[in-house]
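Chain residues, written in single-letter form:
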Amino acid sequence: MRASFRLDLRFAADGSHEWPDCPSKGSEMTDRLGKADHEEHVDLLVIGWGKGGKTLAGTAARLGQRVALIEQSADMIGGSCINVACVPTKILIHDAAVRRESDDPDDYFAAAVARRDTLTAAMRQKNFSLLDQLDSVLLVSGRAEFTGEREVLVTGGDDTLRITADTVIINTGSVPAVPSINGAQIGGSIHNSETLQHVSPLPRSLVVVGGGYVGLEFAGMFAHYDSAVTVLDRGERLLGHEDADVAETVAEVLRGDGVTIISGATVTSVVDGDDRASITYLAAGEEHQIDADAVLVALGRSAATEGLGLERAGVTTDDRGYVVVDEYLRTSAPGVFAVGDVNGGPQFTYVSLDDNRTIADQLFGDGQRSTDDRVAVPYTMFLTPPLSRVGLTEDQARSEGYDVQVGVKKMADIAAAPRAKIEGDPRGIVKFVVDGATDQVLGAALMHVHSQEVINLVALAIRHKITATALRDSIYTHPSSTEALNEVLAALS
Ligand SMILES: Cc1cc2nc3c(=O)[nH]c(=O)nc-3n(C[C@H](O)[C@H](O)[C@H](O)COP(=O)(O)OP(=O)(O)OC[C@H]3O[C@@H](n4cnc5c(N)ncnc54)[C@H](O)[C@@H]3O)c2cc1C
């Protein structure tokens with residue numbers, strides 16, 4: 001495929017790309033959905049360079065299939081995770097956490113941003129070359145829309161390419177939800193999670209609208225860069241889906257870092273002034289106003305399906321706009337699958353990766369694997385220290401009728417696990433929810449240094465039915481955060 005016809009992203013340091021001259025290029029486009037400048041047929045077509053799709057593209061190509069992968073933006077080679085989500089935010093969060101009081105906030109923030117840019121550019125380059133080196137992969141720069149069943153039109157500048165495929169993978173991800181708050185359009189000093197990562201200079205004050213995981217990660221991060229941060233959250237208390245003791249620990253940590261948290265606050269309007277924004281909100285029946293250098297609107301995500309023409313492909317969506325899939329990630333259209341955020345499952349990179357495993361098993365394996373096999377999917381909110389969760393909360397376990405036993409301690413009070421003290425941040429909590437009838441771990445909430453690592457051990461234990469007693473009596477390295485399990489699981493009640 002490479003030798004005869006190749007429309008590929010020209011990866012350049014400035015993020016620009018061009019469409020190379022092709023033998024068939026030059027025909028007039030009279031009917032955009034009816035006629036294209038070029039035509040291709042492939043075995044597997046992936047729309048969007050997300051985690052699941054790019055992994056499937058590589059697997060299929062290595063098995064000898066002809067593959068096309070379409071990405072709309074040269075800045076998004078490799079997908080959201082490495083460009084606008086997990087990796088860049090975690091670089092900025094890490095550098096914020098290790099900032100010293102004596103570091104000049106503006107210079108320090110600028111240096112962190114530069115480090116972020118260097119690392120993400122290297123990851124884009126690596127992601128590009130991993131697929132580019134496979135001869136049977138056609139990398140297409142442009143925006144895709146369905147024109148029929150397993151038929152897609154790609155538009156890149158003035159050029160168009162029609163691709164038909166035996167199998168299509170929709171991997172277009174999600175985008176920040178657009179709220180219906182007066183004046184909250186993104187621009188100027190009003191940001192979403194993507195634009196705020198490029199703010200310059202460092203805002204002296206930041207209002208975060210929304211106390212979900214994206215909002216709180218940014219709140220904690222900017223507080224460590226020395227911004228004055230206020231979180232406005234509609235809930236009665238922060239993180240209403242977590243147990244009260246865990247949510248209160250998170251709130252204590254954030255407040256300790258200087259974040260002001262206002263719960264029960266409904267934002268009614270945002271006004272973007274010349275150099276500051278003004279936010280109006282209702283709390284306890286009264287109207288309040290607050291000004292800030294920057295506002296982050298973090299009120300959830302929406303499926304990235306706008307303009308994708310799913311109806312022309314026979315692909316149905318739910319009432320939130322997400323692609324409807326079954327447990328094998330098949331859409332309503334034969335031969336069309338959806339992976340990652342766009343299918344309405346848990347929105348994490350590792351879930352998109354796991355979606356890839358299910359589809360690879362459908363396409364190249366024995367077709368047994370399904371999303372129903374997923375047990376105990378952990379997640380981490382990258383606060384400082386991070387909050388990691390898996391399984392049921394205590395409240396959920398009680399309402400589901402389990403014989404609940406709980407082991408809970410503040411990290412600072414756990415004598416047998418000095419790691420957090422050694423690293424200078426003993427804040428946080430370790431909480432286990434155990435089924436007294438079976439000794440099985442039902443869930444855990446870990447907020448402490450390295451909890452993003454320890455939670456994977458707990459998730460594995462739940463999956464493989466390793467009992468709380470076995471976890472309590474296991475040998476762990478010292479000094480590590482994992483040692484907390486010895487002590488906390490010895491005090492179940
Ligand atoms: C601020 C933030 C922080 C996050 N942090 C974490 C974290 O720490 N850990 C974690 O696991 N998850 C994190 N997430 C979630 C994670 O980023 C997503 O779950 C994951 O990236 C989803 O990947 P995906 O496979 O669905 O597709 P994506 O990686 O989103 O890729 C979709 C691609 O499709 C392209 N595309 C869209 N429409 C078209 C079209 N019509 N034609 C061509 N191309 C198109 C897009 O440009 C994009 O490159 C975070 C999210 C945010 C917003």
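Before reading further, recall that the structure is shown in the block above.
Residues numbered from 1 in each chain as written. Predicted model: local features only at pLDDT ≥ 70, side-chain atom pairs only at ≥ 80, totals over all residues. Heavy atoms only, no water.

A word on the overall build of the chain
Here's step 1: Helix and strand counts for the chain come out as 13 helices and 22 strands.
Here's step 2: Over its C-alpha atoms the chain spans a radius of gyration of 24 Å, differing by no more than 12% from the 23 Å that the globule rule assigns to 493 residues.
Here's step 3: For the chain, the C-alpha atoms occupy an extent of roughly 70 × 60 × 40 Å along the three principal directions.
Here's step 4: Counting all 493 residues of the chain, 52% fall into the buried class.
Here's step 5: Partitioning the contacts of the chain with sequence separation of at least 6, the portion at a separation of at least 24 is 63%.
Here's step 6: Side-chain charges of the chain comprise 43 positive and 71 negative groups, with the mean position of each set lying 4 Å from the other. (Helix = DSSP H or I, 4+ residues; strand = E, 2+ residues; numbered from the N terminus. Rg over C-alpha atoms; globule rule 2.2 N^0.38 Å. Buried < 20%, exposed > 50% of the residue type's maximum accessible area, 1.4 Å probe, protein only. Contact = heavy atoms within 4.5 Å. Lys, Arg positive; Asp, Glu negative; His and termini not counted. Charge placed at Lys NZ, Arg CZ, Asp CG, Glu CD.)

A word on empty space enclosed by the protein
Here's step 1: Scanning the entire structure with this criterion turns up 2 cavities of 30 Å³ or more.
Here's step 2: The computed volume of the largest cavity comes to approximately 50 Å³.
Here's step 3: As for the largest cavity, its lining consists of Glu242, Asp243, Val246, Arg389, Leu392, Thr393, Glu394, Lys431, Val433, Gly443, Ala444 and Ala445.
Here's step 4: Those elements that place two or more of their residues in the lining of the largest cavity are β21 (429–435) and β22 (440–447).
Here's step 5: Among the elements that make up the lining of the largest cavity, the one with the highest residue count is β22 (3 residues).
Here's step 6: Viewed by domain, the lining of the largest cavity spans two of them, domain 2 (190–299) and domain 3 (379–489), each represented by three or more residues. (1 Å grid on protein atoms, 1.4 Å probe; cavity = no way out; pocket = protein on both sides within 12 Å on 5 of 7 lines; lining within 4 Å. Points joined across faces, edges and corners; volume = space filled by probe spheres on them. Domains from an automatic or database assignment.)

Some words on the site of the ligand
Here's step 1: Taken together, 34 residues form the shell around the ligand, and within it Glu71, Ser80, Lys90, Asp341 and Ser352 come nearest.
Here's step 2: Between the ligand and the protein, one listed contact pairs an oxygen atom with a side-chain N or O atom of Gln72 at 3.1 Å.
Here's step 3: Measuring from an oxygen atom of the ligand, one finds a side-chain N or O atom of Lys90 at 2.8 Å.
Here's step 4: The protein chains hide 94% of the 1,000 Å² of surface that the ligand would expose on its own.
Here's step 5: Contributing elements (two or more residues each) for the shell around the ligand: β2 (67–71), α2 (80–83), α3 (86–97), β4 (143–148), α5 (213–224) and α8 (349–364).
Here's step 6: Of the residues assigned to the shell around the ligand, the class counts are 13 nonpolar, 15 polar and 6 charged. (Near = heavy atom within 4 Å. Polar contact = N/O pair within 3.5 Å; in protein donor to acceptor, adjacent residues only side chain to side chain. Areas by Shrake-Rupley, 256 points an atom, 1.4 Å probe, with all protein chains shown as cover. Nonpolar A, V, L, I, M, F, W, Y, C, P; charged D, E, K, R; others polar.)

Let's talk about the side chain of Thr230
Here's step 1: The topology assignment puts Thr230 in strand β10 (residues 228–232).
Here's step 2: Judged by its relative accessible area of 10%, Thr230 falls in the buried class.

Describing the packing of aromatic side chains
Each aromatic ring pair is summarised here by two numbers: the centre-to-centre distance and the angle between the ring planes.
Here's step 1: All chains considered together, the criterion is met by 9 aromatic pairs.
Here's step 2: With 5.8 Å between their ring centres and 50 degrees between their planes, Phe109 and Phe222 make a pair best called tilted. Taken together, the positions of Phe109 in helix α4 (residues 105–132) and Phe222 in helix α5 put the pair 113 residues apart, joining distant regions of the chain. Both residues of the pair, Phe109 and Phe222, belong to the buried class.
Here's step 3: Measuring from centroid to centroid gives 5.9 Å for Phe348 and Tyr379, while their planes differ by 10 degrees, and the two rings are stacked. Note that Phe348 is positioned in the loop between β17 (336–338) and α8 and Tyr379 in strand β18 (residues 379–381), a separation of 31 residues in sequence.
Here's step 4: Given the relative accessible area of 26%, Tyr379 is considered partly exposed. (Phe/Tyr/Trp six-rings, centres within 6.5 Å; stacked < 30°, edge-to-face > 60°.)

A few points about the pattern of salt bridges
Here's step 1: Using the criterion set out here, one finds 28 salt bridges in the structure.
Here's step 2: For Glu39, the salt bridge is made with Arg162, and the minimal N-O distance between the two is 3.9 Å. Here Arg162 lies in strand β6 (residues 159–170) and Glu39 lies in strand β1 (residues 38–47), a separation of 123 residues in the sequence.
Here's step 3: By relative accessible area, Glu39 is classed as exposed at 53%.
Here's step 4: Linking Arg472 and Asp473 is a salt bridge whose minimum nitrogen-to-oxygen distance equals 2.8 Å.
Here's step 5: One continuous salt-bridge network, built from bridges that share partners, spans Asp243, Asp245, Glu394, Arg398 and Lys431. (Salt bridge = Lys/Arg side-chain N within 4 Å of Asp/Glu carboxyl O.)

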